[in-house]
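In case you want the letters, here they are:
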Amino acid sequence: MRTFLCAALAAALPGLTMAGGTGFAIVPNERGDTLSILSADHQVVRTVDTCARPRGVHFNADRSAFFVGCADDDLIAIHDTRTFEVIGRIRNVAAPETFDLHPDGRRLIVSNEEDAAASVYDVETGEFITEYYTGEEPEGVQVTSDGRLVFVASEAANLVHVIDLEADEVIADILVDTRPRRFALTPDETELWVSAELAGIVNIIDVGTLKLVADIPFLPTGFRPEQVTPVDLVITRDGSRAYVALGRANHVAVVDVPTRKVIDYILVGKRAWGLELTADERTLYVANGLSDDVTIIDTDTLTPITSVPVGRVPYDILIDDH
Amino acid sequence: MITRIFLVIMLLAAQGTAAQDVARVVYLGIADDPHYEPRPVYTGLSLRDRTRPLDGARVAMRESRILGRVLGVEFALEEMLVAPGEAAEAARVAFAEGALGILLDLPADELAAIVVPQAAGLAINIRDRDDRWRGADCKPGLLHTVPSTAMLADALAQHLRARGWERILLLSGDHAADAGEADAVRRAAGKFGLTLAADRAFQLTNDPRRRDLSNIALLTGDARYDVIWLVDNDGEFGRYLPFATYLPRPVVGAEGLRPLAWHWTFERYGAPQLNQRFRRIADRDMTSEDWAAWAAVRALVEGVQRVGSADPARVAAFVRSDEMALDLYKGTAGSFRDWNGQLRQPLLLATHNAVIARAPIDGFEHRIDTLDTLGVDAPETACDQ
């Protein structure tokens, strides 16, 4: 019944659905144990129950399903992208936080926050394949497009671990600034950007040499340095622009990637963490963890279009639009 | 002759290379310390028993395993319990043998005897909150991760100020630590513009001739106040105070809303992860004392990481410097005050099962660092080390 309603809604809004997707945004609510589903015209059209303390989300290879990491249930739920029904579970995954899907579409590399490990699961069989030891509180996971390297940030150890999947080992541990959280790769994959939450900056690592080459500091007007706590970051496909969610500073920073300069700060809700761009990159969604809403930004004008109330403590965002 | 009870835990499997740096962290306590004796309450209830904060240090050591791998440093925690009167000598020997840091879990007289040599590792007080160690009796080289009495009082005073609960009824007992703590409350009240509607001493007695000192209705009557600030390190009077007062007013301080370094329910800034890690190792909830021990080890590890070596003097210099930025899991990075060695840190205001606020409370500003709105600031310090 609800599935039907949902499909009917999508059908009723043909102008707003994107090619190859419903245009729906999926927002896991960490304290609500639910997913808020936003339509392309920014309405909450559905709230779906999921597992306990949902955080990281990621599509499968053909985007027909998506994964939700549930730390308090020690499992990853697999939801159907169209119906949102749970169609599978990867069990016994110790406190999953975030993950990335290998280009082979089979291997999901998961950070296990409580276990100081990054583990690898086969998403088709749900089987555990292997794990690599990291510093405490591993968080961001990033696989390179050639599928060879995996970067894992360890929040508590201030390290970025570099895993070589072919060699099956950790080949480097890069010391970065305090509390590294998430990654973004430039499109040519020569630079890895890492948010250092407590340092209030983004560290840039040269992927060729695995060395730190630059930092980008942030400070929106009216905030103290300790309130600037960057977490999620995304870089546009043409490599021109980056967006960085500044956490307690309640802003998203807009960075010119070639010059590494901040060009604007956009006011959003409280404790902005999760970010996601639409397929056409003209709209940016921001999950505001402490105001329980999602801010939607027009990236042409760099102004917020609206903020939509969702569930308790929204963490991350997926958009089904391509 | 030093009596030592050794329990050495090598937390990192030796990599087989003799050249590997060893970062030796010593926990120094007194064997059979009365502080840790069971404190049964009438009828054998166990309400105030203390546990040595070793688990806090152990959790921090565990967190450092991978870092050790990366740096080629072996972090080792040595748990040393000595006979009364022998702490100073044990510390001297440990420093002479190249200890990176010593966690001091000592009674006041033992702490007073500690001498921190120059160009050595760090001595870190993880137990004593008394302001005198950060003031008149401060020692060169001694650091404190445990917050001072003044910091705790300031944190609570900020909250009362922010809430507009300005008139305080101060009730204090006659435990050895109560006088100093009551002084800190009076000072904090002055600092943050609160008024003492009444300042009363209580006694634990049933003597009808002294009922003005023991009867809760009498002690909490005949004054106009917004809040009762209780100073009661013994605890036996205080636990009967809330909900038994003459006026319907909240109790803060030793009961009700308490200022703390840490709380087992704190759910921001990564705290749930630390609490879960601790619970898994210790099978109990993390206390403020555990947190102080944890923070002390983390400070040493951070120093090793940033200096790139386990050389005690270099690590100590870095840890004391203003370059230090320690992740305290309380939202703001910590460093040590150069005027008295105290760790700057946010403090939590918590009930028995929830954190109500985090100090510094929004709106209290400082010309340099808002964390320095808590405790005795540089211009006022009595420490002339």
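Residues numbered from 1 in each chain as written. Chains lettered and ligands numbered in written order. Predicted model: local features only at pLDDT ≥ 70, side-chain atom pairs only at ≥ 80, totals over all residues.

As recorded by an unreviewed UniProt entry, chain B carries the name Amino acid ABC transporter substrate-binding protein and is attributed to Halovulum marinum.

If you check an unreviewed UniProt entry, chain A appears there as PQQ-dependent catabolism-associated beta-propeller protein from Halovulum marinum.

A. Fine view of the overall build of chain A. Per the secondary structure count, chain A includes 1 helix and 28 strands. Taking 2.2 N^0.38 as the reference for a compact globule, 322 residues should give roughly 20 Å; the C-alpha atoms of chain A span a radius of gyration of 18 Å, in line with that estimate. Seen through its principal axes, chain A has C-alpha atoms that stretch 55 × 50 × 30 Å. Taken across its 322 residues, chain A has 51% of its residues classed as buried. Long-range pairs, those at least 24 residues apart, make up 41% of the contacts in chain A between residues at least 6 apart in sequence. (Helix = DSSP H or I, 4+ residues; strand = E, 2+ residues; numbered from the N terminus. Rg over C-alpha atoms; globule rule 2.2 N^0.38 Å. Buried ≥ 20, exposed ≤ 12 C-beta atoms within 10 Å, placed from the backbone. Contact = placed C-beta atoms within 7 Å.)

B. Fine view of the sheet that holds strand β23 (residues 261–267) of chain A. Residue and element names in this part refer to chain A. With antiparallel pairing, the 4 strands of this open sheet are ordered in space as β20-β21-β22-β23. Two strands bound the open sheet, and with one partner strand each, they are β20 (233–235) and β23. Within the sheet, the average angular offset between the axes of one strand and its neighbour, ignoring direction, is 20°. With 6 bridges joining them, strand β22 (residues 251–256) and β23 adopt antiparallel strand pairing. Along β23, the bridge assignment pairs aspartate 256 with lysine 261. (Pairing = 2+ DSSP bridges. Axes fitted to C-alpha atoms, helices over the stretch in contact; angles between N-to-C directions.)

C. Expanded view of the packing of helix α1 (residues 54–63) of chain B against helix α10 (residues 288–307) of chain B. Residue and element names in this part refer to chain B. Two elements in contact, α1 and α10, have axes whose closest approach is 7 Å; the angle formed by their N-to-C orientations is 35°. In this structure, the crossing between α1 and α10 has a hand that is right-handed. For the pair formed by α1 and α10, the contact residues are Leu54, Asp55, Gly56, Ala57, Val59, Ala60 and Met61 on the first element and Asp290, Trp291, Ala293, Trp294, Val297, Arg298 and Val301 on the second. Broken down by class, the residue content of the contact of α1 with α10 amounts to 10 nonpolar, 1 polar and 3 charged. (Left-handed = near helix turned anticlockwise from the far one by under 90°. Nonpolar A, V, L, I, M, F, W, Y, C, P; charged D, E, K, R; others polar.)

D. Structural detail: the confidence of the model for chain A. Mean pLDDT over chain A stands at 92; residues scoring 70 or higher make up 94%. This stretch, residues 1–18 of chain A, has a pLDDT under 50; its non-local contacts, to residues over four places away or in other chains, come to 22 contacts. (pLDDT = per-residue confidence, 0-100.)

E. Structural context of the interface of chain B and chain A. Between chain B and chain A, the residue contacts involve 14 residues of the former and 20 residues of the latter. Residue assignment for the side of chain B that touches chain A shows that the elements contributing at least two residues are α2 (65–71) and α9 (271–282) of chain B. Taken together, the residues that form the side of chain B that touches chain A break down as 5 nonpolar, 6 polar and 3 charged.

F. Broad picture of the sheet that holds strand β17 (residues 191–196) of chain A. Residue and element names in this part refer to chain A. Sheet architecture is open: 4 strands sit in the order β16-β17-β18-β19, paired in antiparallel fashion. With partners counted over all chains shown, the strands left at the sheet margins are β16 (180–185) and β19 (211–217), one partner each. Taken pair by pair, the neighbouring strands of this sheet meet at an average axis angle of 25°, ignoring direction.

G. Structural view of the packing of α10(B) against helix α11 (residues 312–320) of chain B. Residues and elements named next belong to chain B. At a minimum axis distance of 9 Å, the contact between α10 and α11 shows a crossing angle of 105°. Compared by their axis directions, α10 and α11 come out roughly perpendicular. Facing Ala299, Leu300, Gly303, Val304, Arg306 and Val307 of α10, the residues of α11 in contact are Arg314, Val315, Phe318 and Val319. Taken together, the residues of the contact of α10 with α11 sort by class into 7 nonpolar, 1 polar and 2 charged. (Parallel < 35°, antiparallel > 145°, perpendicular 65-115°, else oblique.)

H. Expanded view of the domain arrangement of chain B. All names here are of chain B. Domain annotation for chain B reports domain 1 (4–147 + 268–345) and domain 2 (150–260). Measuring from the centre of the C-alpha atoms in domain 1 to the corresponding centre in domain 2 gives 32 Å. Counting from both sides, the interface comprises 7 residues of domain 1 and, opposite them, 8 residues of domain 2. In terms of residue class, the side of domain 1 that touches domain 2 is made up of 2 nonpolar, 1 polar and 4 charged. (Domains from an automatic or database assignment.)

I. Region of interest: helix α6 (residues 178–191) of chain B. Residues and elements named next belong to chain B. Here α6 is 14 residues long and its end C-alpha atoms lie 20 Å apart, about the 20 Å a rise of 1.5 Å per residue gives. Those residues of α6 lying buried are Glu181, Ala182, Ala184, Val185, Ala188 and Ala189. Angularly, the buried residues of α6 cover 155° about the axis, an arc narrow enough to put them on a single face. Glycine 193 lies just past α6 and shows a positive phi near 70°. (Expected span 1.5 Å × (residues − 1). Arc of directions from axis to C-beta.)

J. Quick look at the nonpolar core. Counting 210 residues, the largest nonpolar core has Val244(A), Val252(A), Val286(A), Leu28(B), Leu103(B) and Leu300(B) as its most contacted members. Counting residues per element, this core draws most heavily on α10(B), at 11 residues. Residues within four places of Val286(A) in sequence aside, it is in contact with Ala245(A), Val252(A), Val268(A), Ala272(A), Leu275(A), Val294(A), Thr295(A) and Ile297(A). (Core = buried A, V, L, I, M, F, W, Y, C linked by C-beta atoms within 7 Å.)

K. Summary view of α10(B). Residues and elements named next belong to chain B. With 20 residues, α10 should reach 28 Å at 1.5 Å per residue; the first-to-last C-alpha distance of 28 Å fits that figure. Most of α10 sits inside the fold, with 18 of its 20 residues counted as buried. Glycine 308 lies just past α10 and shows a positive phi near 80°.

L. Representation of the environment of Val294(A) within the structure. Residues and elements named next belong to chain A. Residue placement: valine 294 occurs in strand β26 (residues 293–298). On the basis of neighbour counts, which here come to 27 C-beta atoms within 10 Å, the residue valine 294 falls in the buried class. Spatially, the C-alpha atom of valine 294 lies 6.9 Å from that of valine 310, the residues being 16 residues apart in sequence. With near-sequence residues (within four places) excluded, valine 294 lies in contact with Val27, Leu38, Tyr285, Val286, Ala287, Asn288, Ser307, Val308, Val310, Pro314 and Ile317.

M. The arrangement of the environment of Leu212(A) in detail. All names here are of chain A. Mapped onto the elements of the fold, leucine 212 is located in strand β19. On the basis of neighbour counts, which here come to 17 C-beta atoms within 10 Å, the residue leucine 212 falls in the partly exposed class. Considering only alpha carbons, one finds leucine 212 and proline 96, 116 residues apart in sequence, at a separation of 28 Å. Apart from the residues within four sequence positions on either side, leucine 212 is in contact with Ile174, Val176, Asn203 and Ile205.

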